[in-house]
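An overview of the molecular structure
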Amino acid sequence: MRVVSGQGNAGFSPRRRTLLGLAGGGVASMAQAQAAPSAADAQRAANREGFETVTIPVYSQDIMNVVNLHEFEDVGRRKISELAYNYIRAGAADELTLKANRAAFADYWVRRKVMVDVSRVDTAVELFGKTYPHPVLLGPVGLRRLMHPDGDRLTILAAHKSGAILVGPRHGLIADMTKAGTMPVWWASSLGYHTQADAERWAKTNEDLGAAALCVSLDYPYTGARDRPSRDHWEAQWSETPRYNTGDGGSVQFQPGMIFPYYPRMNWDWLKWVRGASKLPLVIKGITTGEDAKRAVAAGADAISVSNHGGRTLDGAISTLHALPEVVDAVGPKIPVLVDGGVRRGGDVVKAAALGARAIMIGRPYLWGLAAFGQEGVQRVIEVLEGETRIALALSGAGTMRGVDRSFIRPAWKAYKPG
């Protein structure tokens, strides 16, 4: 596999081009590096040799200096208020589950396979009968405008540009951006509704607007106990009033230990209401146990997303990567399973795929990209994660997302015992 720059290597130093392999067979000196072939020459040579080529978009030097998803958070934090940062960064209580989501990826090792032809690497995934170029979805998050004044629109444009499914776009933008041809594939998102009429209206409205699927998060009946926002007396319009916006038009004084209901009456009948009101695929988000996964399938789920709401609701809940195999085993091959929480590297994506995930969702990483560099920041977050996934697929010997299975993974804390 050869890597070529999307703009004739513009923006890359000779050393950078060497590290990317643009010079062909290893560059021995800076003089040789400066004489490296053009992107077109590299493309032609790769075609002759039967290798895959990957185009790397080139942005400003500031964006290209950010080399992984962790660093987008550092840059983004410097460009927003501390209150806004704390709200997005916060996990529940002692943030044990928030930390566990990330730490879980270190609990597994990849069992790489060698002497496999990986000259063609494919990150494509299939969901609901359609093929997408990579497994990265932009998950449902609130307050994109907190990261950037035009955050909702810029996120839509970035998803469109990057081929990412966007979950939960703001309704006010959908019609105009669809007409302009800049609307990506999108899934509607909801935390639920109290009545059957409201649930059915939500489903029908989004189907009419052009949603490709309906995604409902079942894990937010009450607000979580989050110390960072409590300390900041947080609410969505914090610059105007120290009151907490409940999301339904009301507000209460935010304080530690406060329990406030969102949708505590949600039960499995809700899914049946929605299932009866729309023909769109129904994605159930917030499942972390096998028994709930089976109930979701029985209630009409077309896909399950293993999620603990980014560690923002119940602290001490299981990490999503550790919950993933139980859910996958419970539903078998019947429906696709997705996962979110803690994904920061391409190797994480491969580990999740090895445990049964068809695709992954990210939340905070693309918000940090949005805060750091706007639309291009979101695009670059997706591209870096996709690029690292491509590398991990190649070096693991899987080659494709479809080729990853549990033979590619083992627990780090157990001695390996063959099947």
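In case you missed it, the structure is sitting above this.
The sections below set out a description of the structure shown in this document.

What follows is about the pairing of strand E8 (residues 186-190). In terms of burial, E8 is a largely internal element, four of the five residues being buried. As paired elements, strand E7 (residues 166-167) and E8 share two bridges and run parallel to each other. Looking across to E8, one finds that Val-167 is bridged to Trp-187. In terms of handedness, the path from E7 via helix H10 (residues 171-179) over to E8 forms a crossover that is right-handed.

Here we take up the packing of helix H5 (residues 69-77) against helix H17 (residues 364-396). One way to put it is that H5 packs onto H17 with a least axis distance of 10 Å and a crossing angle of 170°. By the angle between their directions, the pair H5 and H17 is classed as roughly antiparallel. For the pair H5 and H17, the contacting residues are Leu-69, Phe-72, Glu-73, Val-75 and Gly-76 in the first and Pro-365, Trp-368, Gly-369, Ala-371, Ala-372, Phe-373, Gly-377, Arg-380, Val-381, Val-384 and Leu-385 in the second. Tallied by class, residues from the contact of H5 with H17 come to eleven nonpolar, three polar and two charged.

A separate point is the pairing of strand E13 (residues 303-306). Side-chain alternation along E13 places Ala-303 and Ser-305 on one buried face and Ile-304 and Val-306 on a second face that is also buried. As paired elements, strand E12 (residues 282-287) and E13 share four bridges and run parallel to each other. Within E13, the residue paired with Ile-287 across the bridge is Val-306. Running through helix H14 (residues 290-298), the crossover from E12 to the neighbouring parallel element E13 is right-handed. The pairing of E13 with strand E14 (residues 337-340) spans three bridges and is parallel. Bridged to Ser-305 within E14 is Leu-338. Following the backbone out of E13, through helix H15 (residues 320-331) and into the adjacent parallel E14, one traces a crossover that is right-handed.

A word on helix H16 (residues 346-354). With eight of its nine residues buried, H16 lies for the most part within the structure. Within the sequence span of H16, burial applies to Gly-346, Asp-348, Val-349, Val-350, Lys-351, Ala-352, Ala-353 and Ala-354. Phi turns positive one or two residues past the end of H16, at Gly-356, with a value near 115°.

Let's shift gears to helix H6 (residues 82-89). Of the residues making up H6, those classed as buried are Ala-84, Tyr-85, Asn-86, Tyr-87 and Ile-88. Looking at the buried positions of H6, the neighbouring elements they touch are H5, helix H8 (144-147), helix H12 (227-231) and H17.

We now examine unusual backbone geometry. Phi is mostly negative for residues that are not glycine, and the peptide bonds are mostly trans. Phi at Met-115 takes a positive value of approximately 55°, unusual for a residue other than glycine. Summarising the element assignment, Met-115 is placed in the loop between strand E3 (108-110) and strand E4 (125-127). Backbone geometry places Leu-143, a non-glycine residue, at a positive phi of 60°. As for its position among the elements, Leu-143 is in the loop between strand E6 (136-138) and H8.

Conventions we followed
- Residues numbered from 1 in each chain as written.
- Predicted model: local features only at pLDDT ≥ 70, side-chain atom pairs only at ≥ 80, totals over all residues.
- Heavy atoms only, no water.
- Buried < 20%, exposed > 50% of the residue type's maximum accessible area, 1.4 Å probe, protein only.
- Helix = DSSP H or I, 4+ residues; strand = E, 2+ residues; numbered from the N terminus.
- Pairing = 2+ DSSP bridges.
- Right-handed = clockwise from strand over helix to strand, strands pointing away.
- Axes fitted to C-alpha atoms, helices over the stretch in contact; angles between N-to-C directions.
- Parallel < 35°, antiparallel > 145°, perpendicular 65-115°, else oblique.
- Contact = heavy atoms within 4.5 Å.
- Nonpolar A, V, L, I, M, F, W, Y, C, P; charged D, E, K, R; others polar.

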